[in-house]
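# Structural features, examined
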Amino acid sequence: MALAEGSKKWVSSIAVKPTWVLPYRTQSLEQDYSIGKKLGQGQFGTTYECTEKSTATLYACKTIPKKKLMCKEDYEDVWREIQIMHHLSEHPNVVRIKGTYEDGLYVHIVMELCAGGELFDRIVEKGHYSEREAAKLTKTIVGVVEACHSLGVMHRDLKPENFLFLSSYEDAALKATDFGLSVFYKPGEMFSDVVGSPYYVAPEVLRKHYGPESDVWSAGVILYILLSGVPPFWAETEMGIFRQILQAKLDFESEPWPGISDSAKDLIRKMLDRNPKRRLTAHEVLCHPWIVDDTMAPDKPLDSAVLSRLKQFSAMNKLKKMALRLYWSNSASFCASGRDEGHIKMEQSQGVYVLTMTVIAERLSEEEIGGLKELFKMIDTDNSGTISFDELKEGLRRVGSELMESEIKDLMDAADIDNSGTIDYGEFLAATVHLNKLEREENLLSAFSFFDKDGSGYITIDELQHACKEFGLSELNLDEMIKDIDQDNDGQIDYGEFAAMMRKGSSGGVGRRTMRNTLNLGEALGLVDSKEHV
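- By the naming in an unreviewed UniProt entry, the protein is non-specific serine/threonine protein kinase, taken from Anisodus tanguticus.

Structure below.
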C-alpha cells in the first residue's frame, strides 16, 4: 500500500532505536574494575571512582543507563563523545580516556581521575591570585580550544566546571572534561542547534548559526570571570542572560576593572566581539601579548573582592547543581538534554517547587484540568498509565507538531521528574497545567497540607524526605533545600515561607545548566501560547 508523502517523511524520521552504543562487544566492567564511591551525578550518567584490579590504580568511571537514551541520536551522541575523547586524548590538558565497556543496561567510560578539584576552587584555596595567574590559566584553556579546532572538534560547552585539576599537587595539570556536547565539524560548516550553558553561550549560537568561533567566546567569558569574579552578562532569568549576551555592553568601569591592565581588557574585547568573523581565533588568542609576554600581565595580587566573588559564584553553581532537572519559570524554560555532568542550573528551592507542582497537579479538579486527562489517554496508546518517548512523538505529530526528534527528547527529559524514562499522569499534569492554576491560594494550602503530615503547621526535613520517596526522588539534598526556603532559619518551613518559595519559583531564576531549547510540553501540545511566557 502506497504511503502519502507526508507519511513517508514521518515514517523515515522514526529510526529504530539501536540496542548498542559501541560497534564492538566488550567484557564486563567488573572483570577489570571494582566500583567505589559516587563522584558526581549528571543528567545522563553518574560518575564513580573505580579501581583497576590489576594495578590498583584509581580512575573515574562515567556510567550511562541505556534507558536514558531515548532515540537513535542519543546512542550516536554517546558514541561520538567516546570517539572525541579518544581523538583528543593525547593532549596534556584533556582528560585521558582509559577504556569503554557496555552491557545490556549500561555504557561505562573509564577515564583519568581528576582528584584536584575544580578550577575556581583551586584559585580561591590558593589565595594569591594575579593577572599573571589568570593569563597562565587562559593559555591552558585556549590551548585546549586550539587543539580541538585543529583536530576538527568543537567543544560547545566550555565553562569553568569542565576544567579539573589532575591532583592536589601545586603543579598538577589542568584538564578539560565532559565532551558530551562536542561535535566533529568541517571547515565552513555551520550549526543551528542551541547548546551550551547560559553565561557562556555565544550570541551566534542563540541566533542558531554558528561555528567553532563560539568556543572562543566561551573562553572569553571564562577569562572575564577569572579577572573579576562575575560573568560579563548577568540577569536573574535565563532569557535575561540571553538578552544581555545579544545586546549589553561589556562593563570595564566597575571594580576591579580600573586596576586591570589595558592589554587584558583588549584581549577580552577581541574574544567577546559579537561578530564571529572579527573575533580572534584560538591561535590568535595564544599569540596575544597578554598571553605571550610575562611582563604584560602583572603579578601583583588582584583585589581580594575578586576572590570573594569567585568563591560566591562557584558556591552558587554548586548549589544549583543539586536541584532537580526540571526548571519552571514564566519563560517556560526546561532542563537540557545535553550531557550535563552535574549540567544551566537551578536554585535549591526548585526541587521543592517542582515536587509541589506535581502534588497540586494531581489534586486539581476535573474542571480545572480540562481535557488533559483525555489528552493523556490519547497519547498513552498502550494504556500502560505512562507515556513513552515513541508515544509522545506520535502524540505530538497528531496535534500537528513539527518538532525535531531531539526537541521532543528535551521535552521528555524535562517532564520525566523521577528519571524513569516515561511520563506518568502526575508528571504530565505538572508539565502541562497552566501555572496560574498551580499558584492559587487554595491549591498552595492543599499542597502544604500534603507535606505537613502531622498537621503541625510546619514542613520538616523528615516530611520532605517522605514526600520525595513517595515521588521517587531520593537524591535531593534536603538540608540545603530547607536552608534556601527557611527565611527565619528555624530549620523548618512554615506556610508563608512555602508560598513565597512557590511564587518566587514561578517568576524566574537561572535556567538549566546545559540547554537545547526553551519550549515546554504545554506549548508543544498547543495548550499554552508561547507568547504568555515571554
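## Let's talk about helix H7 (residues 213-228)
- Across its 16 residues, H7 extends 23 Å between first and last C-alpha, which sits within 8% of the 22 Å expected from 1.5 Å per residue.
- Summarising burial for H7: 15 of the 16 residues are buried, a large majority.
- One or two residues past the end of H7 sits glycine 229, with phi positive at roughly 90 degrees.

## Some details on the packing of aromatic side chains
- Using the criterion set out here, one finds eleven aromatic pairs in the structure.
- Arranged with centres 6.1 Å apart and planes meeting at 35 degrees, the rings of phenylalanine 191 and tyrosine 210 form a pair that is tilted. Taken together, the residues phenylalanine 191 in the loop between strand S9 (183-184) and helix H6 (203-206) and tyrosine 210 in the loop between H6 and H7 connect sequence positions 19 residues apart. Both residues of the pair, phenylalanine 191 and tyrosine 210, belong to the buried class.
- Centre to centre, the rings of phenylalanine 448 and tyrosine 495 are 5.6 Å apart; their planes meet at 90 degrees, and the pair counts as edge-to-face. Remark: tyrosine 495 occurs in helix H23 (residues 495-505) and phenylalanine 448 occurs in helix H20 (residues 441-451); sequence separation between them is 47 residues. Like tyrosine 495, phenylalanine 448 is buried.
- Put simply, the rings of Tyr33, Tyr59 and Tyr101 touch in pairs and so form one group of aromatic residues.
- Between arginine 122 and the ring centre of phenylalanine 165, over which it is positioned, the NZ or CZ distance is 4.2 Å.

## Some thoughts on the nonpolar core
- One finds Leu119, Ile123, Leu226, Leu227 and Trp290 to be the most contacted residues of the largest nonpolar core, which totals 89 residues.
- Looking at which element gives the most residues to this core, the answer is H7, with ten residues.
- Those residues in contact with leucine 226 that lie beyond four places of it in its chain are Leu119, Phe120, Ile123, Tyr129, Ala134, Leu137, Thr138, Leu302 and Val306.
- Counting 15 residues, the second largest nonpolar core, distinct from the first, contains Leu375, Phe376, Leu396 and Met412.

## With respect to the pattern of salt bridges
- Applying the stated criterion to the full structure yields 14 salt bridges.
- For glutamate 76, the salt bridge identified is with lysine 72, shortest N-O distance 2.6 Å. A residue pair is termed a helical-turn pair when its members lie 3 or 4 positions apart in one helix, as glutamate 76 and lysine 72 do in helix H3 (residues 72-88) at four residues.
- Residue classification places lysine 72 among the partly exposed residues on the basis of a relative accessible area of 32%.
- Notably, a salt bridge pairs arginine 96 with glutamate 90, separated by 3.9 Å at the nearest N-O pair.

## Observations concerning the UniProt feature "binding site: ATP" (unreviewed entry) in the protein
- The feature "binding site: ATP" (unreviewed entry), as given by UniProt, occupies Lys67 in the numbering adopted here.
- Relative to the elements of secondary structure, lysine 67 occurs in the loop between strand S3 (58-65) and H3.
- Looking at lysine 67, the relative accessible area reads 51%, which means it is exposed.

## Describing empty space enclosed by the protein
- Computed from the structure, the largest cavity encloses a volume of approximately 100 Å³.
- What lines the largest cavity is a set of 14 residues, among which Arg156, Val195, Gly196, Val201 and Ser218 lie closest to the centre.
- Broken down by element, the residue count for the lining of the largest cavity peaks at three residues, all from H7.
- Here the lining of the largest cavity is composed, by residue class, of seven nonpolar, four polar and three charged.

Parameters at a glance
Residues numbered from 1 in each chain as written. Predicted model: local features only at pLDDT ≥ 70, side-chain atom pairs only at ≥ 80, totals over all residues. Heavy atoms only, no water. Helix = DSSP H or I, 4+ residues; strand = E, 2+ residues; numbered from the N terminus. Expected span 1.5 Å × (residues − 1). Buried < 20%, exposed > 50% of the residue type's maximum accessible area, 1.4 Å probe, protein only. Phe/Tyr/Trp six-rings, centres within 6.5 Å; stacked < 30°, edge-to-face > 60°. Lys NZ or Arg CZ within 6 Å of the ring centre and 35° of its normal. Core = buried A, V, L, I, M, F, W, Y, C linked by side-chain atoms within 4.5 Å. Contact = heavy atoms within 4.5 Å. Salt bridge = Lys/Arg side-chain N within 4 Å of Asp/Glu carboxyl O. UniProt positions renumbered as here; feature names shortened; annotations may be inferred. 1 Å grid on protein atoms, 1.4 Å probe; cavity = no way out; pocket = protein on both sides within 12 Å on 5 of 7 lines; lining within 4 Å. Points joined across faces, edges and corners; volume = space filled by probe spheres on them. Nonpolar A, V, L, I, M, F, W, Y, C, P; charged D, E, K, R; others polar.

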